[in-house]
Amino acid sequence: MSAEAFTAHAPEDRGFAERALAWVEKAGNRVPSPAILFLALIIGVILVSQILDWANVSVTSLVANPADGSPPTDDLANDPANAEAYKLATEEIGVKGLLTVEGIRFMFTSFVPNFLGFAAIGVILVAMIGVGVAEYSGLIGALIRKLVAISTPGSLTYIIVFVGIISSVAADAGYLVLIPLAAVAFLSVGRHPLAGIAAGFGAVSAAFGINVLITPADGVVTDIANESAQLVDPTINLDLVANLWYGIGSTIFLTIVIAQITTRIIEPRLGPWDRSQADHEELEREEGPEIDAAAEAKGLRWALYALIAVLAVIALLTLPSGAPLRNPDTGDIVGDSPFMSSLIVMISAAFLVTGIAFGRATGTVRNSDDTLGMITKAWASLASLLFLFLLIAQFIAYFDFSNIARVVAIALGDVLEEMDLGKGLLLLGIIFLTALVNFLIPAKIAKWAIVAPIFVPLMLRLGVEPQTVLAAYRTGDSPTNVLTPLMPYFPLMVVFAARYQKDSGIGTVIALMIPYAIILSVVWTVFFMLWFLLGIPLGPGWPV
């Protein structure tokens, strides 16, 4: 929504915070389209990297790298078999110019591999096979109506936020499934759909670092913590539940905080929604086809039967001893296992099968051509986003090649180490530094691979356990995700917002998410410090 539109709904005596957010939105929406923005960023990183290369800017530090020599990446979180593939090494890391012979060669030869290797593309395309069918068949609209019917107005926000937080167990599925569903759910009860997007984005992204369950990334970050800690004490060996109690406590706490931010700050600021400002074609797709109540009830029953069938197949492939979706070495299902690595495929398959079942019962899916048409339309709706991802993939690859972010992160870490602060202040410094570096390196694993070898040994020498440092890192890692355009799914939020407010842009999303980033950064840090000072165990058998 434009700043002028917000102003029309705002009270006459707007406070400083409201005026500031309106200014941020207005200024942000003057920024060129995300595609032009990333073209400018690509040019900027090329020029800056070359200038810093000429200046011989470099740092020396101990870093965690994959044993196969590849750079740290969050893609490893989707393949937990790599969880023990990180090794520490002392490196001199210098900024590499992109206008050198090596840099120019890299830009030309890596262009296609950068795009093909961009994890968000595969996740979106696979997810949209199932989600597209579920959307166009009318299943998602029917599910939203059912959710609204069985939940109270007060509980709807909490349900959406809680599900959004725990969606990280399925890697990035929450961005593609939960956030658009949250918008439709809010719309169906007469609430502003942008508030639903904000609540969903806040839950999925600003609280991405914690969960009530073990997530695919936990194995990798735990192994990096172990490698770093064993420099000081070779007997240390954290396991996957080292932060479990803290994750559960943080999930409950942040569910309440995010829901309160949504209802007390975001919705009053947005005011009533003006349907005339929406993209009507997209809106019709979101709301689904018209289906009479009896047919819809029959469709939901068929979808339930189909879901049970899908779950039965997954159970047969997972539960028996030696099943193909268990870890072939340990037999584990949760954590390091093919089951955890394939969650996005299972989710897409569940939506696909239940969407077809619903459509067959209601008449919205008559044959295979209808199903293929729905998948084609779902993929066609991603065309502009795929072009944007092409540019984002190049920028991230060039930025990683240049080593600018790594040099900045290590230099900031060295400054913090040399300040000779006490335990509590150092933990606060780790949280702050993590939040700051997150603007440059949103990837959870890549960032931890840089800062863990600095902070884990330092804090161990001061008597602070590595699981405590990891909990502090989780606290600082996520809240600023919702503000950095370098986070791959940030442009997707701009696309979602434009469905309901055609003149929305980058500024709209940033203005919506600033309250979440600031409030969560503050209250979650206070929550962590209270947990630390009270000495509450971080996980079963793992003291603070």
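Residues numbered from 1 in each chain as written. Predicted model: local features only at pLDDT ≥ 70, side-chain atom pairs only at ≥ 80, totals over all residues. Heavy atoms only, no water.

**Comments concerning the nonpolar core**
The biggest cluster of nonpolar side chains holds 168 residues, and the ones touching the most others in it are Y175, F201, W448, F455, Y489, M513 and Y516. A total of 15 residues in this core trace back to one element, the largest contributor, which is helix α25 (residues 506–534). (Core = buried A, V, L, I, M, F, W, Y, C linked by side-chain atoms within 4.5 Å. Buried < 20%, exposed > 50% of the residue type's maximum accessible area, 1.4 Å probe, protein only. Helix = DSSP H or I, 4+ residues; strand = E, 2+ residues; numbered from the N terminus.)

**What about the packing of aromatic side chains?**
Inspection of every chain in the model, using the stated rule, returns 15 aromatic pairs. Where Y246 meets F527, the ring centres are 6.0 Å apart and the plane angle is 35 degrees; that geometry is what we call tilted. Of this pair, Y246 sits in helix α13 (residues 244–270) while F527 sits in helix α25, and the two are 281 residues apart along the sequence. Accessibility classification places Y246 together with F527 in one group, the buried group. Arranged with centres 4.6 Å apart and planes meeting at 10 degrees, the rings of F253 and F527 form a pair that is stacked. Of the two residues, F253 is situated in helix α13 and F527 in helix α25; the sequence distance between them amounts to 274 residues. A relative accessible area of 25% means that F253 is categorised as partly exposed. The buried category is assigned to F527, whose relative accessible area is 18%. Taken together, the aromatic side chains of Y246, F253, F527, F528, W531 and F532 make up a single cluster linked through ring pairs. (Phe/Tyr/Trp six-rings, centres within 6.5 Å; stacked < 30°, edge-to-face > 60°.)

**Side note on the confidence of the model for the chain**
Should pLDDT be low for a region, the predicted coordinates there are not to be read in detail. Taken as a whole, the chain shows an average pLDDT of 86; of its residues, 91% reach a score of 70 or greater. Note that pLDDT drops below 50 for residues 1–12; the model gives that stretch 26 contacts with residues more than four away or on any other chain. (pLDDT = per-residue confidence, 0-100. Contact = heavy atoms within 4.5 Å.)

**Some words on the packing of helix α20 (residues 404–418) against helix α21 (residues 423–437)**
One can describe the packing of α20 onto α21 by two numbers: an axis separation of 11 Å at closest approach and a directional angle of 165 degrees. When the interaxial angle is binned, α20 and α21 end up roughly antiparallel. Crossing angle aside, the handedness with which α20 passes α21 is right-handed. Between α20 and α21, the residues in contact are A409, L412, G413 and L416 and L426, G429, I430, L433, L436 and V437, respectively. Its residues assigned to classes, the contact of α20 with α21 shows eight nonpolar, two polar and no charged. (Axes fitted to C-alpha atoms, helices over the stretch in contact; angles between N-to-C directions. Parallel < 35°, antiparallel > 145°, perpendicular 65-115°, else oblique. Left-handed = near helix turned anticlockwise from the far one by under 90°. Nonpolar A, V, L, I, M, F, W, Y, C, P; charged D, E, K, R; others polar.)

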